[in-house]
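# Examination of the molecular architecture
For reference, the chains in residue letters:
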Amino acid sequence: MRTKMVAGNWKMNKTLQEGVALATELKNTLTNPSCAVVIGTPFIHLATVCEIVKGSPIRVAAENCADRESGAFTGEVSAAMVRSTGAEYCILGHSERRQYYHETAEILKQKVLLALANQLKPIFCIGEVKEERESNRQNEVVKAQLEGSLFDLSAEEFSQITLAYEPVWAIGTGLTATPAQAQEMHAYIRSLVCERYGKEVADNTTILYGGSCNEKNAAELFANADVDGGLIGGASLVAEKFAAIVAAR
Ligand code: PGA
């Protein structure tokens, strides 16, 4: 049975003090979750949040890592540095990183390899923009994203990856994919993983849905056979909302 998961993505929100307060609230609320729970925080929160949630079921993710191992890359944070905080996951390939920071498939491939080499499990985001959906090209876009950054991995490496399907038109917009749209794409993604790595790996791959997933629509989305959980942005910033989404999984 593949892992069911709800992961938060705080993005560029919360001061250190606010993040400490939120992580503490989450730790006190999510004492016995029915699925894996991961919170993705900015780099500056990682070490402190890892200390706070130590001994709880909550795991911690970075939202990015560098595409270089170490050295003279001012302002960057390496996968080894992330891992040294106690974080176990790393969100990679988020559409905001692709769009605003020009992260290409090749750059993301390097990041994935460095994350894996440093025992960080990537939560890898894929998804089409609005124009691509409107011209019915979502499948080819998602396929190219998988092939461009992940499908050169060995089966063993790929089994460390959690996928997140995030239609870009649904992120932060309040426009959620319908449960049927999510299921159709998740089943397609799983079929691609099956073609590349075989049925066992495909059956064990966790595929999250992200994009305006909230405490009201989560249960309906998670009810689909191939939707294994969610990657939550806005609603992960409020402990009660995030806890309600975890409870829906
Ligand atoms: P959202 O963001 O839930 O605020 O739409 C999701 C994401 O970007 O991961």
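A brief report on the enclosed structure follows. (Residues numbered from 1 in each chain as written. Predicted model: local features only at pLDDT ≥ 70, side-chain atom pairs only at ≥ 80, totals over all residues. Heavy atoms only, no water.)

## Examining helix 2 (residues 46-53)
Taken as a whole, helix 2 has its buried residues at L46, V49, C50, I52 and V53. With its buried residues spanning 160° around the axis, helix 2 presents them on a single face. Contact partners of the buried residues in helix 2: helix 1 (16-29), strand 2 (36-41), strand 3 (58-62) and helix 3 (79-84). Two residues or fewer past helix 2, G55 is found with a positive phi of approximately 85°. (Buried < 20%, exposed > 50% of the residue type's maximum accessible area, 1.4 Å probe, protein only. Helix = DSSP H or I, 4+ residues; strand = E, 2+ residues; numbered from the N terminus. Arc of directions from axis to C-beta. Contact = heavy atoms within 4.5 Å.)

## Topic: the packing of aromatic side chains
Scanning the model with the defined rule gives 4 aromatic pairs in all. Here the aromatic rings of F151 and F158 are separated by 6.0 Å at their centres, their planes lie at 65°, and the arrangement is edge-to-face. Assessed through its relative accessible area of 0%, F158 is described here as buried. With a centroid separation of 5.7 Å and 85° between ring planes, the pair formed by F151 and Y197 is classed as edge-to-face. Pair noted here: F151 is in the loop between helix 7 (138-149) and helix 8 (155-158) and Y197 is in helix 9 (residues 179-197), with a separation of 46 residues, a long-range link. Pair check on accessibility: F151 and Y197 agree, each one buried. Chaining the aromatic ring pairs together yields one cluster made of F151, F158 and Y197. Over the ring of Y197 we find R196; its NZ or CZ atom is 4.2 Å from the centre of that ring. (Phe/Tyr/Trp six-rings, centres within 6.5 Å; stacked < 30°, edge-to-face > 60°. Lys NZ or Arg CZ within 6 Å of the ring centre and 35° of its normal.)

## Some details on the pairing of strand 2
Judged by how many residues are buried, strand 2 sits mostly within the fold: 5 of 6 residues are covered. Of the pairings in the sheet, the one linking strand 1 (residues 5-9) to strand 2 comprises 5 bridges and is parallel in character. By the bridge assignment, M5 is partnered in strand 2 with A36. In this region the chain leaves strand 1, passes through helix 1 and returns to the parallel neighbour strand 2; the handedness of that crossover is right-handed. In this structure, strand 2 lies alongside strand 3, joined through 5 bridges in parallel fashion. Each residue of the ladder has a partner; that of G40, found in strand 3, is A61. (Pairing = 2+ DSSP bridges. Right-handed = clockwise from strand over helix to strand, strands pointing away.)

By themselves, these observations are geometric and do not establish any function.
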